[in-house]
Amino acid sequence: MSWTERYSAALMNTFGTPKMVLARGEGAHVWDVDGREYVDLLGGIAVNSLGHAHPRLVGAVTEQMQSLGHISNFFASVPQVTLAERLLAELGTDGRVFFTNSGAEANEAAFKLTRRTGRTKVVVAEGSFHGRTMGALALTSKQAYREPFEPLPGDVVFVPYGDAAALAEAVDDTTAAVLVEPVQGEAGVVVPPRDYLPAAQRIAHDHGALLWLDEVQTGVGRTGTWFAHRNPALVGDAVVPDIVTLAKGLAGGVPIGACIATGGSGKLFDPGNHGTTFGGNPVAASAALAVMDAIDEDGLLDRVVVLGDRLRTGVAADPRVTEARGQGLLIGLDLAEPKSAEVVAAAQDLGFIVNATTPDRIRLAPPYVLTDADVEAFVTAWPRILDQAGVRAGAEATA
Ligand SMILES: *Cc1c(COP(=O)(O)O)cnc(C)c1O
């Protein structure tokens, strides 16, 4: 039996049958079990910020595991406290952090935190993705994900994304929180107007509600700044959210999430209100510190901007891309025809890993350690990938 046959016989069929079986990686490259090499432009879905097998991350995890791997949250550890302080420092506010093992769990923690305001209503954007646990799913708009599991935890109201007027209409004095992604990742990298987040903050605060930003996908340098809501290319005026949730890229592939609450919201939980066994353990926290050190010391935020611009303009030059969105290394490409699955397959055939978010949208979220040569190779191959996928330009497609 092949590995994919064995996979299907042993694992639950939640993801469909995976397209390949990977064996190892280095930098932005991975190799499958047959030894074929690919340039990884998905990076574990915006997770492998330092790529694969980064010496700094390997070293940090190894050293931590050799001294103190896990201790439970009955005890504190130096990496955990250091990481919490570091995240608050990058955010530039006082506050408190709760560590989890994933994005959904960070959002669960935040969802529970909002209930501690004494209010229950949460206003969320259509097209949102906040995770698959029951609470996070209640905040996620996609019907296909929700329907099989209803009833979900309640008092969640959806409004069109990027529409401040709709937000103003929906938020009232019973609203606990307004929850939005600074850029919607799973929806296919949807960028709101520059005044959207400042408006969301104003509207939330006018009604005594919390502004909660889900930066699980956009945070930790993905758009070229530590937080997307601080990226002047994305957001007009300064925004100071009450809650920020992080996960994906934070520890470069070691599972971790963080629910950061600023100011007084950081004190909404009392002892016993929430908990986790693994969350923020010394290995995960050390891994996150290694990622943040590497981003700082290797100048990766600047690299993310340069690489992102080159990638975006490179692929957008093909007329079969009708729109190229995003900032830094979070890029969404609209195709002239709904053939994203074919594009993923053709890319794989030509040695590149890309991702389809919707039938006509491709997402790129490569490691920050992507090289100029990797970008060059992909941009050069892109027209051939579209040829092989049978994507035609607008005029031909409608003819
Ligand atoms: C991926 C993602 C999540 C869920 O994270 P998991 O680690 O898969 O639970 C939540 N919010 C956003 C914006 C995401 O992109």
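Residues numbered from 1 in each chain as written. Predicted model: local features only at pLDDT ≥ 70, side-chain atom pairs only at ≥ 80, totals over all residues. Heavy atoms only, no water.

Trainee: Is there a simple way to think about the sheet that holds strand 14 (residues 355-358) in this case?
Mentor: By definition, the strands of a sheet pair up through backbone hydrogen bonds, in either a parallel or an antiparallel sense. Across the sheet, which stays open at both edges, the four strands sit in the order 11-12-15-14 with antiparallel pairing between neighbours. Each having just a single partner strand, strand 11 (321-327) and strand 14 make up the two edges of the open sheet. Across this sheet, the average inter-strand angle for adjacent strands is 25°, counted without regard to direction. Across three bridges, the pairing between strand 14 and strand 15 (residues 361-364) is antiparallel. Each residue of the ladder has a partner; that of Asn355, found in strand 15, is Arg363. Those strands touched by helix 12 (residues 340-349) are strand 12 (330-335), strand 14 and strand 15, and its axis lies near 175° from that of strand 14. (Pairing = 2+ DSSP bridges. Helix = DSSP H or I, 4+ residues; strand = E, 2+ residues; numbered from the N terminus. Axes fitted to C-alpha atoms, helices over the stretch in contact; angles between N-to-C directions. Contact = heavy atoms within 4.5 Å.)

Trainee: I keep staring at the domain arrangement of the protein and nothing clicks. Help me out?
Mentor: Many descriptions give the size of an interface as the accessible area lost when the pieces come together. Per the domain assignment, the segments of the protein are domain 1 (3-53 + 298-398) and domain 2 (58-297). Here domain 1 and domain 2 have C-alpha centroids that lie 26 Å from each other. Of the residues lining the interface, 28 residues belong to domain 1; the matching set on domain 2 comes to 33 residues. Both sides together, the interface formed by domain 1 and domain 2 hides about 2,300 Å², and carbon and sulfur atoms give 58% of it. Considering only the surface of domain 1 that becomes buried against domain 2, Leu301, Gln327 and Leu330 emerge as the three largest contributors, covering 26% of it. Counting across the domain 1 and domain 2 interface gives one salt bridge. For Glu186, the salt bridge identified is with Arg363, shortest N-O distance 2.5 Å. Remark: the boundary between domain 1 and domain 2 carries 17 residue pairs in polar contact (both at pLDDT 80 or more). The biggest single contributor to the side of domain 1 that touches domain 2 is helix 11 (residues 300-316), with four residues. Here the residues of the side of domain 1 that touches domain 2 sort into 15 nonpolar, nine polar and four charged. (Domains from an automatic or database assignment. Buried area = accessible area lost by both parts, 1.4 Å probe. Salt bridge = Lys/Arg side-chain N within 4 Å of Asp/Glu carboxyl O. Polar contact = N/O pair within 3.5 Å; in protein donor to acceptor, adjacent residues only side chain to side chain. Nonpolar A, V, L, I, M, F, W, Y, C, P; charged D, E, K, R; others polar.)

Trainee: How do you make sense of the UniProt feature "binding site: N(2)-acetyl-L-ornithine" (unreviewed entry) in the protein when you look at a structure like this?
Mentor: Mapped onto the present numbering, the UniProt feature "binding site: N(2)-acetyl-L-ornithine" (unreviewed entry) falls on Arg132 and Thr276. Taken from the residues named earlier, the lining of the second largest pocket is made up of Thr276. Residues contacting Arg132, with those up to four places away along its chain left out, are Ala104, Leu137 and Tyr145. Relative to the helices and strands, Thr276 is located in the loop between strand 10 (257-262) and helix 10 (282-297). (UniProt positions renumbered as here; feature names shortened; annotations may be inferred. 1 Å grid on protein atoms, 1.4 Å probe; cavity = no way out; pocket = protein on both sides within 12 Å on 5 of 7 lines; lining within 4 Å.)

Trainee: Looking at this model, I keep getting lost on the nonpolar core. Mind explaining?
Mentor: Soluble, globular proteins show a tendency: their nonpolar side chains are buried together. Core analysis: the largest hydrophobic core is formed by 61 residues, its most contacted members being Phe378 and Trp382. Two domains each donate at least three residues to this core, and these are domain 1 (3-53 + 298-398) and domain 2 (58-297). Those residues in contact with Phe378 that lie beyond four places of it in its chain are Leu41, Leu311, Val315, Phe352, Val354, Leu364 and Ile385. With 27 residues, the next largest nonpolar core counts Tyr196, Ala204, Leu211 and Ala228 among its residues. (Core = buried A, V, L, I, M, F, W, Y, C linked by side-chain atoms within 4.5 Å. Buried < 20%, exposed > 50% of the residue type's maximum accessible area, 1.4 Å probe, protein only.)

Trainee: What should I look at first to understand the packing of helix 3 (residues 55-67) against helix 10 in this one?
Mentor: Two packed helices can be described by the angle between their axes and the distance between those axes. Contact geometry of helix 3 with helix 10 gives a least axis separation of 9 Å together with a crossing angle of 150°. One element, helix 3, and the other, helix 10, form an angle in the roughly antiparallel class. As for the relative orientation of helix 3 and helix 10, their crossing is right-handed in sense. Residue-level inspection shows Arg56, Leu57, Ala60, Val61, Gln64 and Met65 of helix 3 in contact with helix 10, the latter providing Pro282, Val283, Ser286, Ala287, Ala290, Val291, Asp293, Ala294 and Glu297. When its residues are assigned to classes, the contact of helix 3 with helix 10 shows ten nonpolar, two polar and three charged. (Parallel < 35°, antiparallel > 145°, perpendicular 65-115°, else oblique. Left-handed = near helix turned anticlockwise from the far one by under 90°.)

Trainee: Just checking my understanding: could you explain the site of the ligand for this structure?
Mentor: The local shell around the ligand consists of Ser102, Gly103, Ala104, Asn107, Phe129, His130, Gly131, Glu181, Asp214, Val216, Gln217 and Lys248. Within the side chain of Lys248, a nitrogen or oxygen atom sits 2.6 Å from an oxygen atom of the ligand. About the coverage of the ligand: the protein hides 81% of its 380 Å² of free accessible area. Within the shell around the ligand, the residues separate by chemical class into three nonpolar, six polar and three charged. (Near = heavy atom within 4 Å. Areas by Shrake-Rupley, 256 points an atom, 1.4 Å probe, with all protein chains shown as cover.)

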